[in-house]
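Each chain, written out:
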Amino acid sequence: MPPLTAVRGFKDILPDEMTPWAAVEGKARDLARRYGFSEIRVPVAERTELFARGIGETTDIVEKEMYTMEDRGGGKITLRPEATAGIARAVMEHGILASARTARLFFIGPMFRYERPQKGRLRQFHQLDCEIFGDPGPWVDAEAIDLLWRLLSELEVPGLTLAVNTLGCPECRPSYRESLVRYLEGGRDRLCEDCLARLARNPLRVLDCKNPGCRELAVGAPRITDSACPACRDHFRGVLDALDSLGIAASVDPLLVRGLDYYARTAFEVLAGGLGAQNAVAGGGRYDGLLKALGGPDLPGIGFAAGLERIALLLPPQAPASGPDYFLAPLCPEALAPLFRLAGTLRAKGLSVAADWEPGSLKSRLRKADRAAASRCVVLGGTELEGGYALVRDLKTGEQIRAGLENLEPLAGDPGAPAPAAG
RNA sequence: GUGGGUGUAGUUCAGUUGGCAGAGCGCCAGGUUGUGGCCCUGGAGGCCGUGGGUUCAAAUCCCAUCACCCACCCCA
């Protein structure tokens, strides 16, 4: 029988790869605290209907990328492809906005989309989500972008660019949509097959098609920024001014569109070099219609999602994690029992202890202690057992002392034994 | 779903016109009777992705299949 392997697109994160993850999650928690966000954890699976209504029936995610299954009761459930819908559901289900006017929530966890894996794209991937519910104003839009930008800047992710746009609102988008369709119809012959389909179902998506023909056509298309209603223009102006006052350089990209239906007004995206084709590190925007579409109150929201795998790929090299305080090295079978007791004593005192419960040569034990990046190595063999002590060797200086077997207290009158210089 | 590339030791990778399965790193040990990292020597570790075909003979040639990587698409 051939050995089992992980499921396609589901990747192990090995111990050696954990340091960038710890850095990203640590920084995310630190910033969430500084910006007044509370952590929330929502389930990995939701009713399929939540995503169909929340993300949009005509999106690629819902149409062909979801892990959907029937549970034993016959209901359809889906592994979450994104976090916002689930968080919105939780906010409504627990009346969070009934007891407070606004809610600021962040979330870190795995998402699932059935896509062909490639660099920076897996079927199980992880996102940091920050969401602000209940505040309609442009200030929180800028605040969310500020949080995202600070996160990536403080992590020293290189080559970042920030693009923003407005998507209009239910008031002004229909008429914009009409004029866009009229314009695109005039250039039908230059559109790719996919965009011809988008023309009928989701014409705004034609704007960010990468196909050269579609791009050329899109560049000359009418712009939402020109045809937005006064309220949307004021809002967008307010976001840009607020970002400017923070010294955050955002470029307005009238072709920036979100793939999820519930976005309105502000949309933004952070891109980075060095990721190949999957260059979007984070994206988000305002979703004022989401809660209502899910059967809840007509309250606004804004948020973003950041791809943790992609950020981890971009981080500058991290200092390796420090090793244990002690590495216990038995040289003979008789040393095992006393060292085992010693490990318990040291750990009870809060010290970290690694051990190798297999007697071996001193040379090999010291090598193992070194590989484990331990600070000190406790050596115990026949000679020490007869004398009733253990040798504690400082692996950085090479100094070693005799110490009590029970608790490693240094023995009185030990002259110390300088180790030979390393070759 | 569509292209291209790659599958050989734990890992990174050689392997010539088809002719006994190889190296570096890592691992175990010896040199050094109990003092690491350098050096030297030895050792363990392989369904050569899988299945079929051609051949006296296949890691090598042919067909199929699977997996991984990159790209399209989409997105974080």
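Residues numbered from 1 in each chain as written. Chains lettered and ligands numbered in written order. Predicted model: local features only at pLDDT ≥ 70, side-chain atom pairs only at ≥ 80, totals over all residues. Heavy atoms only, no water.

### Focus: the confidence of the model for chain A
Counted only if it meets this: As a per-residue measure, pLDDT tells how confident the predictor is, with possible values from 0 to 100. Every residue pair with non-hydrogen atoms within 4.5 Å of one another is taken to be in contact.
Per-residue pLDDT for chain A has a mean of 87; in total, 96% of the residues score no lower than 70. Counted against residues more than four places away or in other chains, residues 416-423, with its pLDDT under 50, gives four contacts. The ipTM for the predicted assembly is 0.83, set against a pTM of 0.88.

### Some points on helix 11 (residues 230-245)
Definition in use: Helix and strand assignments follow DSSP, with helices taken as H or I runs no shorter than four residues and strands as E runs no shorter than two, numbered in order from the N terminus. In this scheme, a helix's expected span is set at 1.5 Å multiplied by one less than its residue total. Exposure classes here rest on a 1.4 Å probe applied to the protein chains alone. A residue is buried below 20% of its type maximum, exposed above 50%, and partly exposed in between. The directions from the helix axis to the C-beta atoms are what the arc is built from.
An ideal rise of 1.5 Å per residue puts 22 Å on 16 residues; helix 11 measures up with 22 Å between its terminal C-alpha atoms. By the burial criterion, the buried members of helix 11 are C232, H235, F236, V239, L240, A242 and L243. Angular distribution of buried residues about the axis of helix 11 spans 160 degrees; they occupy a single face of the element. Exposed and oriented more than 90 degrees from the buried face of helix 11 are P230, D234, D244 and S245. Against helix 6 (138-154), strand 7 (160-166), helix 10 (224-227), strand 8 (251-252), strand 9 (264-272) and strand 10 (280-286) lie the buried residues of helix 11. Of the residues flanking the end of helix 11, it is G247, one or two places downstream, whose phi is positive at about 75 degrees.

### Digging into the packing of aromatic side chains
Under the convention used in this document: Under the pairing criterion, centres of Phe, Tyr and Trp rings, with the six-membered ring standing for Trp, must be within 6.5 Å; the plane angle then separates stacked pairs below 30 degrees from edge-to-face pairs above 60, leaving the rest tilted. Criterion for a charge above a ring: Lys NZ or Arg CZ within 6 Å of the ring centre, and within 35 degrees of the ring normal.
In this structure the tally under the stated criterion is six aromatic pairs. Seen in terms of ring centroids, F10 and Y67 are 6.0 Å apart; in terms of plane orientation they differ by 85 degrees. Their pairing is edge-to-face. Taken as a pair, F10 in the segment before helix 1 (18-34) and Y67 in strand 3 (residues 67-70) lie far apart in primary sequence, 57 residues in all. Ring geometry for F268 versus F304: centroids 6.5 Å apart, planes at 65 degrees, classification edge-to-face. Of the two residues, F268 is situated in strand 9 and F304 in strand 11 (residues 301-307); the sequence distance between them amounts to 36 residues. Each member of the pair, F268 together with F304, is buried. Taken together, the ring pairs connect F10, Y67, F112 and Y114 into an aromatic cluster. Stacked on the ring of Y114, the Lys or Arg R123 has its end atom at 3.9 Å from the ring centre. Positioned over the ring face of Y326 is R376, at 4.8 Å from the centre of the ring.

### With respect to the domain arrangement of chain A
The condition that has to hold: An automatic or database domain assignment supplies the residue ranges for each domain.
When cut into domains, chain A gives domain 1 (15-172 + 228-314) and domain 2 (326-412). The C-alpha-based centres of domain 1 and domain 2 are spaced at 50 Å.

### Brief notes about the pairing of strand 4 (residues 76-79)
Successive side chains on a regular strand alternate, one facing one side of the sheet and the next facing the other. Quick note on the threshold: At least two DSSP bridges between two strands are needed for those strands to be called paired.
Looking at chain direction, strand 2 (residues 45-47) and strand 4 are connected through three bridges and run antiparallel. Among the inter-strand pairings, R47 is bridged to a residue of strand 4, identified as I77. Sheet analysis places strand 3 next to strand 4, joined by four bridges and oriented antiparallel. Each bridged residue has a counterpart across the sheet, and for Y67 the counterpart in strand 4 is L79. Connecting the antiparallel pair strand 3 and strand 4 is a turn made up of five residues, with G74 showing a positive phi of about 95 degrees.

### Thoughts on the protein's contact with RNA strand B
The cut-off we apply is this: A molecule or strand has a residue near it when one of that residue's heavy atoms lies within 4 Å. Polar contact criterion, stated in full: a pair of N or O atoms within 3.5 Å, where within protein one must be able to donate a hydrogen and the other to accept it, and residues adjacent in sequence count only if both atoms are side-chain atoms. Three classes are used, and their members are as follows: Ala, Val, Leu, Ile, Met, Phe, Trp, Tyr, Cys and Pro are nonpolar, Asp, Glu, Lys and Arg are charged, and the others, Gly among them, are polar.
Near RNA strand B lie 50 residues; those nearest to it are R8, R198, D370, R371 and T383. Taking the atoms of RNA strand B that fall within 4 Å of the protein, sugar and phosphate contribute 48% of them. Between a sugar or linking oxygen of RNA strand B and a side-chain N or O atom of E65, the distance comes to 3.4 Å. Within the side chain of Q118, one N or O atom sits 3.2 Å away from a base nitrogen of RNA strand B. Elements supplying a minimum of two residues to the surface near RNA strand B: strand 6 (124-133), strand 10, strand 11, helix 15 (362-371), helix 16 (382-387) and strand 15 (389-394). With nine residues, the single largest contributor to the surface near RNA strand B is helix 15. Its residues placed into classes, the surface near RNA strand B shows 16 nonpolar, 13 polar and 21 charged.

### Let's talk about the packing of helix 1 against helix 6
Put simply, the rule is: Think of each axis as a best-fit line through the C-alpha atoms, taken over the contacting stretch in the case of a helix, with angles from 0 to 180 degrees between the N-to-C directions. Left-handed describes a crossing whose near helix is turned anticlockwise from the far helix by less than a right angle; the clockwise case is right-handed.
At their nearest, the axes of helix 1 and helix 6 sit 10 Å apart, and the two run at 145 degrees to each other. In this structure, helix 1 meets helix 6 at a crossing whose hand is right-handed. When helix 1 is examined against helix 6, the residues K27, A28, L31 and R34 are found in contact with a partner set consisting of L147, R150, L151 and E154. Broken down by class, the residue content of the contact of helix 1 with helix 6 amounts to four nonpolar, no polar and four charged.

### Considering the pattern of salt bridges
Let me state the cut-off plainly: One side-chain nitrogen of Lys or Arg within 4 Å of one carboxyl oxygen of Asp or Glu is enough to make a salt bridge.
All chains considered together, the criterion is met by 22 salt bridges. We note a salt bridge from R34 to E154, for which the minimum N-O separation is 2.8 Å. Placement of the pair is R34 in helix 1 and E154 in helix 6, with a sequence separation of 120 residues. The class of E154 is partly exposed, set by a relative accessible area of 29%. As a salt-bridge pair, D146 and R150 come within 3.7 Å of each other at their nearest N and O atoms. Of this pair, D146 and R150 both sit in helix 6, four residues apart, roughly one helical turn. Relative accessible area serves as the criterion here: at 10%, D146 is assigned to the buried category. Looking at R150, the relative accessible area reads 32%, which means it is partly exposed. Among the charged side chains, a salt-bridge network with shared partners connects K27, D30, R33, R34 and E154.

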